[in-house]
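# Analysis of the macromolecular model
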Amino acid sequence: MSRPPTQSDAFRGRYAEPVPTSNLGAMEDDFPEFEPFDDEVQPRGFVPTGQALMVQQVDMCQQINKPNHYTTAYDTGNLVVRRGQEFVIRVTFSRPLADGDDFQLEFLIGSNPSASKGSLVVVTFNSRHGSSWIGQILEMQGQSVTLGITPTPDAIVGKFRTYVAIAAGSGMQRTKRDTSTDLYLLFNAWCPTDAVFLSDGAERSEYVLNDIGIINQGSVGAVSSRNWMYGQFERGVLDACIHILDASRMPIFNRGNVIKLIRKGSAMINSQDDNGVLVGNWSDDYSMGRPPTSWTGSVQILLQYANTGVPVCFAQCWVFAGVFNTFLRCLGIPSRVITNFNSAHDNTGNLKTDLIFKADGTPDRRNTRDSIWNYHCWNEVFTVRPDLPNGLGGWQVVDATPQETSDGHFRCGPAPVAAIKEGLLCHPFDCGFVFAEVNSDVVYQKRDRYGTLTPYRVDKTYVGQCIYTKAVGSSGTHDITHTYKYPEGSADNERTMNRAEEYGCVRDHSEVADTQLSVTISCEQVGLGHDVNLVVDFHNQGDVPRTVQANLSGSIVFYTGVIANHFKDQPFSATVPANQKESVMLMVTAQEYMPHLGAQLCLHFVVTGQADDQSLIASKVVDLQTPGLQMQVSGSPQVQQEMAVTVTFTNPFSFPLQDVYVAMEGPGLMNQRSHFYRVIEPQASISWSETFLPRLPGPRRLVAVLNCRNLHQVSGLCDVHIAE
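Residues numbered from 1 in each chain as written. Predicted model: local features only at pLDDT ≥ 70, side-chain atom pairs only at ≥ 80, totals over all residues. Heavy atoms only, no water.

### Let's talk about the overall build of the chain
Selection criterion: Numbering of helices and strands starts at the N terminus; helices are DSSP runs of H or I of at least 4 residues and strands are runs of E of at least 2. Throughout, exposure labels follow a simple rule: accessible area from a 1.4 Å probe, protein chains only, divided by the maximum for the residue type, with under 20% read as buried, over 50% as exposed, and the rest as partly exposed. A contact between two residues is defined here by any heavy atoms of the two lying within 4.5 Å. We get accessible surface area from the Shrake-Rupley algorithm with a probe of 1.4 Å; when it comes to residues, only the shown protein chains can shield them. Only four residue types enter the charge count, namely Lys and Arg as positive and Asp and Glu as negative; His and the chain termini do not. Note that the charge is assigned to NZ on lysines, CZ on arginines, CG on aspartates and CD on glutamates.
Assigned secondary structure in the chain consists of eleven helices and 41 strands. With respect to the principal axes defined by its C-alpha atoms, the chain has extents near 110 × 60 × 60 Å. Residues classed as buried in the chain amount to 53% of the 724 residues present. Intrachain contacts of the chain at a sequence separation of at least 6 include 68% that bridge at least 24 residues. Of the roughly 31100 Å² that the chain leaves accessible, carbon and sulfur atoms contribute 49%. Positive and negative side-chain charges in the chain, numbering 55 and 75 respectively, have mean positions lying 3 Å apart.

This is how it looks when you write it as structure tokens:
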């Protein structure tokens, strides 16, 4: 009777050995200290000779290497360097080197390392051939030898083990396993021959070295920003990022390929199908974890996942994008978070987003399947694309928010931004999906009693109205809409849309009659708990006056455009003189919307109207503004000198705040700290102080958030400059 295959021999019959997929696993005995040459006859004993050459010390020269490789900020005891660039190691032998002495450095990554796969690298320092990594003797001072090692610009990225091996008689004598000589090898945006090379120094500082970020949120015309602490240099984060690749079982020998690594990372940041880092949740129920609005940054999420192996609850698009950005920058890949305002979703791969209305003009929520998110966050990475035609390298869209599958996994990209702008949707990966997110037409349909749909308006400008990212070197906003699309109505844009249709993206070709009536809604910013004053403007371009029978619909919506609660329908009418505008003021009281808010702070108003045979529609998203936290630091702003930070908050509302969670952190300053308050009564104040020892010099930032059952998205920040 045959026995079932075990995990250890399941590979047999397909591979000679298991495919190595673990970088951080225990590998203490992977190399023997003495390894005989294969072609040598082994003697019964060794013939005594002169003083044998032995290794006394291996110095990884961190004080020299880290500044040269821009890795000083990594909070780890091991050397961190970037591929394609020389680093130095100082080896102290038992005696000065003599003619005929032969030694080599060996760098190993993963289990079962292989020279043919690039996971076993031998660096020689004489005429004997080694691997593709370059080695040279830079200096000899007595028994001390300074060696220069240059990894190839396509070397495997991860944690390497280091050995010094000396040719001794009939074999190689190696140093003992020493974890202090392990080194991390990263992608190198400073190396012209690395796939992620970025020529602009200011952009390298922003997109690789900046460990704090700003993520744009809100809505068109009312853009807000959220501070996000990437923290890619904090203790344990680099190991956590490598652990993610180990958990994905990505082969070690593929980890030098930036495209494969990015796609694997995009899949693993969400837990949808591979037990990845984050669990998405777009409901109002976060009882099994933490609300997405309660996170201050990526560090705690990544460390929790690495320590437990259990996906972390919960995330929405900006959390997925923030954590993915940390993963990418930590490994040396230039990356940034992008926000697309009015982002089309659930559009079945075409370029139409259908919004359905009843015969009386009110929204048909039951039959509308497509949605337009107020905003959606994804990432861009900067890399060459040798797999694509010239001109398609540079910034690439990648998205870790689980929406659609790509090659069987919930992931997206890398999709060249240049290909999206030109409508070249035939190129990998997922260009069609991203193209639809920024280019869909919004088709307004009326549904009669028989279920027949009739289009009455098409808006070609609403989706992808603006696309923003953080500005280089400042906290401002950089508009990059022009990198994704040509101006609406231009000949270039029409060419792009026609090309996209040739590649299978179906466009809307509805013939809709021109109307002489139109309507718009405007509103000033509104604080939570205040009344909303809407201004509805009707425009009549005809030569006769028109009377409009209109309706105002008000709903609480998720930022995804999905309705959480409908709270208002108000019919009204307006007579619009010929060739003039008529304004109608409508007030929505706080008492109307407050009982329905839940965890959402977004109101969506739709005005529909009918005037004879003309149908009108306009919509407005109103993001309710919340109060802020006050933060103040004290003490000497100097590295390793104790400082203190105090967070204060006063409840300005007429209702108590229940189960209040306050957290703060600052990369290079302090890890995340948190405090819990059972209740904060109306008009009551809290004050919370923590001490910390700054680790890194330069401009730093502390961020705090407050989250509770009946109030979300309350935050504060404090900037401080730390001296050396």
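Back to the text.
### Observations regarding the sheet that holds strand E38 (residues 670-680)
Backbone-to-backbone hydrogen bonds pair the strands of a sheet. The strands run either parallel or antiparallel. As a reminder, the rule being used: Strands qualify as paired when DSSP identifies two bridges or more between them. For helices, the fitted axis covers only the stretch in contact; all axes are lines through C-alpha atoms, and the angles between them, taken along N-to-C directions, range from 0 to 180 degrees.
Pairing is antiparallel across the open sheet formed by four strands, whose spatial order is E38-E37-E40-E41. Two strands close off the open sheet at either side, each with one partner strand: E38 and strand E41 (711-722). For this sheet the average axis-to-axis angle between neighbouring strands, irrespective of direction, equals 15°. With ten bridges connecting them, strand E40 (residues 698-708) and E41 associate as antiparallel partners. Bridging across to E41, Arg700 finds its partner in Val720.

### Brief notes about the packing of aromatic side chains
The criterion, for reference: Aromatic rings from Phe, Tyr and Trp, taking only the six-membered ring of Trp, are treated as a pair when their centres fall within 6.5 Å; an angle between ring planes under 30 degrees marks them as stacked, one over 60 as edge-to-face, and anything in between as tilted. We count a charge as sitting over a ring when the NZ of a lysine or the CZ of an arginine lies within 6 Å of the ring centre and within 35 degrees of the ring normal.
Using the criterion set out here, one finds 24 aromatic pairs in the structure. What links up through ring pairs into an aromatic cluster is the set Trp282, Trp318, Phe320, Trp373, Tyr375 and Tyr559. Over the ring of Trp295 we find Arg290, and its NZ or CZ is 3.9 Å from the ring centre. In this structure, Lys421 is placed above the aromatic ring of Tyr486, and the distance from its NZ or CZ to the ring centre is 4.6 Å.

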